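Listed below are the residues making up each chain.
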Amino acid sequence: ATSTPNLMSDMDAVDTHAYWQHPHFPGRPWDSADWIVNNRTMVNERGGTLPGLARKRVTGKPHACTEYNHPAPNTYCSEGFLLLAAYASLQDWDAIYAYSYAHNRGQGWDLRHISGFFDIDQHPTKMATLAAAARLFLRGDVQPARNQVVASLDTETENRLLLRASAWSLVDAAQRGVSAEAALVHRVALATDGRPVPPDALRPDQVPIKGKRFVSDTGELTWDLSEADRGVVTLNTPRSKGVIGFGGGRRFDLGGVVVEPGRGLQEGWSALTLTALDSPGRWLVTATGYAENTDMKWTGAQKNSVGREWGRAPSRVEGVPARITWPHAASKLAAWALDERGQRRERVAVQEVAGAKAAIEIGPAWRTLWYEIAIQ
């Protein structure tokens, strides 16, 4: 993560780390009372952390991200592992890790509330999204980009660039002309000393990517910044689909399945996924958004710190509203709200829609973050 491409290219693999809105400590480092985690969503940025990770890849070497998180109490943090898994798949990386499942659990393993910046084991929306993130990455639901953009970086050039670098921002493909937007459309990499640029690779100057809507060259991922401060990322593959960001009030046709998110608690921001399960015709729907602990005390209107006042159990979560329409007759479809263990708890009504289609309405009435759909 804090090494240089030519050095890492001599190792077995290239390793990277990133955190979206890592805690900042205005006074004493790691002061548990005086810190800031900016409450911003990554969908409003041109890839956020992800292009920086992608532009460290070295051609011909395994690539891993062994630390990644969107630290709590950021209220948009359920986007984190979904976006990482989707774009790691587009970039054809080899491994991704969440940092971290849990630190010392002297207080036990069933706290039932968000316990700090990084631990995910008691974070309801981060845990709920892991099933979708893991499946889309491990199964390869998102195809690797068809084209790759490769820039050369020899040791002499790297050493010269290091003179203007900093500890957490050394040298990568950005300094060789590869734009952040390129990593949302194509695979990107560096050819270090002794590594030729692949003959079919594109040069950075051959991919001038403009505008505010970035569609992967596979057509499966779209990062859309067309509306100011209302970014949305869509995922559309045969086995994984998603709408992440400010989708409220909009309609998204994802290969025949139509997702219409509601306004919710954060001006239409949510993370909705549809994931095909192992059994034919079964789908998992996750719907995550705002989350905080009971009695969590924000220090200001910006909701960027709670000091030591993290609150207590239970965590409280938003019931994300949405309408999902399936290209199947209502008689062929059944739906359930799931309990905290992922078991069927309650039937969800299926509505018949014109054109032999079926729709379900999800939202706070079902008191859950996930649902199961069964299609005969």
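Figured I'd write up the structure that's included with this text. No experiment lies behind these values; they were computed from the predicted model shown.

Within the chain one finds six helices and 21 strands. Against the globule reference of 21 Å for 376 residues, the chain gives a C-alpha radius of gyration of 21 Å, in line with a compact fold. Over its C-alpha atoms, taken along the principal directions, the chain stretches across nearly 65 × 50 × 35 Å. The proportion of buried residues among the 376 residues of the chain is 55%. Considering only contacts in the chain between residues 6 or more positions apart, those separated by 24 or more positions represent 66%. With an accessible surface of roughly 16,800 Å², the chain has 48% of that area assigned to carbon and sulfur atoms.

This paragraph deals with the environment of Glu 340. Along the chain, Glu 340 turns up in the loop between β17 (333–338) and β18 (344–348). Owing to a relative accessible area of 68%, Glu 340 belongs among the exposed residues under this scheme. Sequence separation between Glu 340 and Gly 177 is 163 residues; the distance between their C-alpha atoms is 47 Å.

Bringing the pairing of strand β7 (residues 221–224) into the picture now. Alternating residues of β7 divide into Leu 221 and Trp 223 and Thr 222 and Asp 224, and every residue in both groups is buried. Examined bridge by bridge, strand β6 (residues 213–215) and β7 share three bridges and lie antiparallel to one another. Across the sheet, Phe 214 pairs through a bridge with Trp 223, a residue of β7. In sequence, β6 turns back onto β7 through a hairpin of five residues, with Gly 219 there showing a positive phi of about 80°. Where β7 lies against strand β8 (residues 232–236), four bridges are found, and the strand directions are antiparallel. Across the sheet, Asp 224 pairs through a bridge with Val 232, a residue of β8.

To continue, consider the pairing of strand β16 (residues 322–326). Most of β16 is tucked away, with four of its five residues classed as buried. Sheet analysis places strand β11 (residues 257–261) next to β16, joined by four bridges and oriented antiparallel. Of the residues in β16, the one forming a bridge with Val 259 is Ile 324.

Our next topic: the pattern of salt bridges. A full pass over the atoms with the stated rule returns 18 salt bridges. Here Asp 119 and Arg 105 are joined by a salt bridge, their closest N and O atoms 3.6 Å apart. With Asp 119 in the loop between β3 (95–96) and α4 (124–138) and Arg 105 in the loop between β3 and α4, the pair connects residues that are 14 residues apart, well separated along the chain. In terms of burial, Asp 119 and Arg 105 fall into one category: buried. Note that Asp 141 is salt-bridged to Arg 139, the shortest N-O span being 2.7 Å. Classification of Asp 141 by relative accessible area gives buried; the value is 6%. Taken together, the salt bridges that share partners define one network made up of Arg 213, Asp 224, Glu 227, Arg 230 and Arg 250.

Calculation rules
Residues numbered from 1 in each chain as written. Predicted model: local features only at pLDDT ≥ 70, side-chain atom pairs only at ≥ 80, totals over all residues. Heavy atoms only, no water. Helix = DSSP H or I, 4+ residues; strand = E, 2+ residues; numbered from the N terminus. Rg over C-alpha atoms; globule rule 2.2 N^0.38 Å. Buried < 20%, exposed > 50% of the residue type's maximum accessible area, 1.4 Å probe, protein only. Contact = heavy atoms within 4.5 Å. Areas by Shrake-Rupley, 256 points an atom, 1.4 Å probe, with all protein chains shown as cover. Pairing = 2+ DSSP bridges. Salt bridge = Lys/Arg side-chain N within 4 Å of Asp/Glu carboxyl O.

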